[in-house]
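Residue-level listing of the chains:
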Amino acid sequence: MKSYIKYAALAIALAAICSCASKNKGHDYPYTPVAFTSVEVSDAFWGQRLKASREVTIPLAFSKCEETGRYENFVQAAQQMASSENLGFRVGGLPFDDTDVYKTIEGASYILQTYPDPKLEAYIDSVLVIVAAAQEPDGYLYTARTRNPERPHSWASKERWGQIEDSHELYDLGHMLEGAIAHYKATGKRNFLDIAIKYADCVCREIGPGEGQQVKVPGHQIAEMALAKLYVLTGDQKYLDEAKFFIDMRGHGEKGAEEYRQSHVPVMEQDEAVGHAVRAEYFYSGIADVAALTGQTDYIQVIDKIWDNIADKKLYLTGGVGARRSGEAFGDNYELPNLTSYCETCAAIGNVYFNYRMFLLHGDSKYYDVLERSLYNGVISGVSLDGGTFFYPNPLESDGRHQRQDWFGCACCPSNICRFIPSVPGYVYAVKDNDLYVNLYMANTMHDNVKNGHVSVSVETNYPWDGKVRLVVNEAPKKGFNLKLRIPGWVRGEVVPSDLYEFDDDVELGYKVSLNGQEINADLDKGYFCIDRKWAPGDVVVLDMDMEPRLVKANDKVEADRGRVAVERGPIVYCAEWPDNPDVKVREVVLSDSPKLAVRENKGKLYGIDEILVQDSGLTLIPYYAWNHRGAGDMIVWMKQE
Ligand code: FUB
Ligand code: ZN
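K.L.:
Hey, could you run me through the sheet that holds strand β6 (residues 444–450) in this one?
P.N.:
Strand pairing within a sheet occurs via backbone hydrogen bonds; the two strands may be parallel or antiparallel. Spatially, the seven strands line up as an open sheet ordered β2-β6-β7-β8-β14-β11-β12, and their pairing is antiparallel. On the outer flanks of this sheet lie β2 (39–41) and β12 (518–520), each paired with one strand and no other. The average angle at which neighbouring strand axes cross in this sheet is 25°, direction not considered. Both strand β11 (residues 511–515) and strand β14 (residues 540–545) contribute to a ladder of five bridges, which runs antiparallel. Pairing of L515 across the sheet is with V541, part of β14.

Quick look at the structure:
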């Protein structure tokens, strides 16, 4: 991994000499994530996922962009701009097809930061030549309109920003910025960043509260988060102002009040998660960013309430969100059907984004309890183990009608997987002053700074199959630092940080922490076990968490789960699937009132899993994320109980 270190050093040097200010003024999140580039993963579970992402998912997505004409759209836009006549291009597809290109470049850029690959870099450069050619002289870049301004995509109109709440012009901006910033950080090259800044400047010029500007808001959020990121990168206040404008003006755009777009009431009056789930999760994440960067605390009160609403009433056991197919939307409180659950992969990713930001605002482990649940279940079920097929909805029950596919006409989920999986190492640690937070458990080595100086730790673990985590301090500042280990809700007897689900058995789990072989005790602080001391290189901390399978029941108000139980172990939710249970109809199975659960390691199955045997019913359960790898058929998470 020498090249990784060398490359990380190069990236740091590039960041230092770049013309971008890379510093926001004044306000920021109180907790700072440790960048994924500072976390070298050596983990069996995540290593396999990262490899699949690098070797399969991202190359596949690029080839799909090519094959499905997504590059051709940029070429046509350039040709149309160069012509004095209307070339009559038919603008089909979806008006946000460009974003699949941006999102795949973003994922590939994350890969480049840890796995330098000149061929991949050159390929991206060649794509960016095509993208640049499609940009209108003043920065506007939206091929769904530029390809044929007379007859643009049916969700757009002849004038720019017309039907903006359908046309995705600003959704494209958001993904373009996210991709461009990632690419710039990975390569130090400005060939994508300059395009994206030019488009952002065009938007900031034409849309806003000033004279001659139009008051418009994005039909699909993400520009809020992305503009906040651009502000942090450049230090240019106008990007943060624009992000804030988009948040504050929601509901004042062309479609007016509408739950679907979270514009039903002004932002400050919102207290429930409603409407399209991806839009909603991106919106709440954008509000968190703007709250952190402006210091406007009343925004935080809004998202606190919305977070409570999700955790209390709208969260699937898998960490998925979005109950309804119609409108791809959150349902009513406690409306959590299983067979028809929508749980779009993008929405689960959005739920990670939101909970991550809530942690960075509050430093409470409860946000990571939800994040971890989404990550190990509702997010990674969205991509096959080999990285080559994807789910759009992730239901908690199937009658055989669900099957992962290698792409979709609306490919938001595969391309979101492209950009999300390589970024996972960035969710492991955070720092604040002299505190080092260990939020997720995977084998890795990290380097970063706390206030007192440089720190490096290595973790060995077989999580999520084993609750033992061994952490070795490699380097520590002389004055010491405070190690904060997250003690997950599942080991503390809490399924989720609410009464939406609870454990329904007599099992009591515990955990032990030892320092250099001596057991130590401490009260938890916001869910963290804290060890504040002067560390010596070679100090070893072992966190040993019991990991028995547990039965879970849902709040009685969740009609779909009434009289049913689910099984989980550690962060992993289990399901019964047809291939493991050929003699029963898994959807009809009835568990006894105190089922006997046993764990069986099966290294040869589904890339290595721990199965759970329900001994008194002869049932075999597998991790939910691993279902649908052996053909379509019945699957169930919430099983009937006597
Ligand atoms: O509109 C862009 C994306 O397409 C949304 O986030 C998904 O739900 C799908 O509708
Ligand atoms: Zn999606």
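K.L.:
Got a minute to help me understand unusual backbone geometry in this structure?
P.N.:
In most cases, non-glycine residues show a negative phi, while peptide bonds are predominantly trans. In this chain, Y463 is followed by P464 through a cis amide linkage whose omega measures 10°. Within the element layout of this structure, P464 appears in the loop between β7 (453–461) and β8 (468–475). Despite not being glycine, Q262 has its phi angle at roughly 55°, a positive value. Within the element layout of this structure, Q262 appears in the loop between α11 (237–248) and α12 (277–294). With a relative accessible area of 0%, Q262 lands in the buried category.

K.L.:
Just checking my understanding: could you explain the site of ligand 1 for this structure?
P.N.:
By nearness alone, every residue bordering ligand 1 is listed as F96, H168, Y171, H220, H276, V278, E328, E344, Y392, C410 and C412. Within the side chain of H220, one N or O atom sits 2.7 Å away from an oxygen atom of ligand 1. Between ligand 1 and Y392 there is a distance of 3.4 Å, counted from an oxygen atom to a side-chain nitrogen or oxygen. In the complex, the protein chains occlude 93% of the 280 Å² of accessible area that ligand 1 would expose alone. For the shell around ligand 1, the class distribution of residues is six nonpolar, three polar and two charged.

K.L.:
Help me understand the pattern of salt bridges in this model?
P.N.:
Taken as a whole, this structure holds 46 salt bridges when the rule is applied. Between D399 and R401 there is a salt bridge, and its shortest N-O distance comes to 2.5 Å. One salt bridge in this structure joins E577 and R630, with 2.9 Å as the shortest N-O distance. Taken together, the residues E577 in strand β17 (residues 572–577) and R630 in the loop between β21 (619–623) and β22 (634–636) connect sequence positions 53 residues apart. Relative accessible area serves as the criterion here: at 0%, E577 is assigned to the buried category. Shared partners join several salt bridges into a network, and the residues in it are E577, D580, R600, K605, E611 and R630.

K.L.:
What's the story with the coordination of the zinc ion (ligand 2) in this structure? I'm lost.
P.N.:
Reference geometry at the metal: tetrahedral coordination by four donors gives ideal angles of 109.5 degrees; octahedral coordination by six donors gives 90 or 180 degrees. Within the protein, the atoms that donate to the zinc ion (ligand 2) are E344 (OE), C346 (SG), C412 (SG) and C413 (SG), at distances of 2.0 to 2.4 Å. One can describe the donor arrangement at the zinc ion (ligand 2) as tetrahedral, given that its four donor atoms subtend angles of 95 to 116° at the metal. Mapping the donors of the zinc ion (ligand 2) onto the primary sequence gives the spacing E-x1-C-x65-C-C. Like C412, the residue C413 is buried in the burial classification.

K.L.:
It is not clear to me how the sheet that holds strand β5 (residues 435–438) should be interpreted in this structure. Could you clarify?
P.N.:
On the basis of which strands lie adjacent, the open sheet formed by five strands has the order β1-β4-β5-β9-β13 and mixed pairing. Only two strands of the sheet have a single partner each, and these edge strands are β1 (32–33) and β13 (528–533). Pairing of β1 with strand β4 (residues 429–432) involves two bridges; the strand directions are antiparallel. Among the inter-strand pairings, P33 is bridged to a residue of β4, identified as A430.

Conventions used here
- Chains are numbered independently. Their residues run from 1 in the order of the written sequence.
- Here the convention is simple: chains get letters from A, ligands get numbers from 1, in the order in which they are written.
- Where local features are concerned, this predicted model is filtered to residues with pLDDT of at least 70; where side-chain atom pairs are given and counted, the filter is 80 or more; whole-chain, interface and lining totals use all residues.
- Working from all heavy atoms in the structure, the side-chain values ignore hydrogens and water.
- If DSSP finds at least two bridges between two strands, the strands pair.
- Numbering of helices and strands starts at the N terminus; helices are DSSP runs of H or I of at least 4 residues and strands are runs of E of at least 2.
- Axis lines are fitted to C-alpha atoms, over the contacting stretch for helices. Their N-to-C directions set the angle, which ranges from 0 to 180 degrees.
- Whether a residue is buried, partly exposed or exposed follows from its accessible area with a 1.4 Å probe, protein chains only, as a fraction of its type maximum: under 20%, in between, or over 50%, in that order.
- A molecule or strand has a residue near it when one of that residue's heavy atoms lies within 4 Å.
- We define a polar contact as two N or O atoms separated by no more than 3.5 Å, with the added condition that, inside protein, one atom must be a possible hydrogen donor and the other a possible acceptor, whereas residues neighbouring each other in sequence contribute only through side-chain atom pairs.
- We get accessible surface area from the Shrake-Rupley algorithm with a probe of 1.4 Å; when it comes to residues, only the shown protein chains can shield them.
- Throughout this entry, Asp, Glu, Lys and Arg are counted as charged residues, while Ala, Val, Leu, Ile, Met, Phe, Trp, Tyr, Cys and Pro are counted as nonpolar. The remaining residues, Gly among them, count as polar.
- Within this document, salt bridges are pairs made up of a side-chain nitrogen of Lys or Arg and a carboxyl oxygen of Asp or Glu, the two lying within 4 Å of each other.
- Water is absent from the atoms considered, so a metal site may look incomplete; donors are defined as N, O and S atoms within 2.8 Å of the metal, or 3.2 Å for Na, K and Ca.
- Note on geometry labels: four donors, all angles 85 to 135 degrees, give tetrahedral; four donors become square planar and six octahedral when opposite donors are over 155 degrees apart and every other angle is between 65 and 115; remaining cases are irregular.

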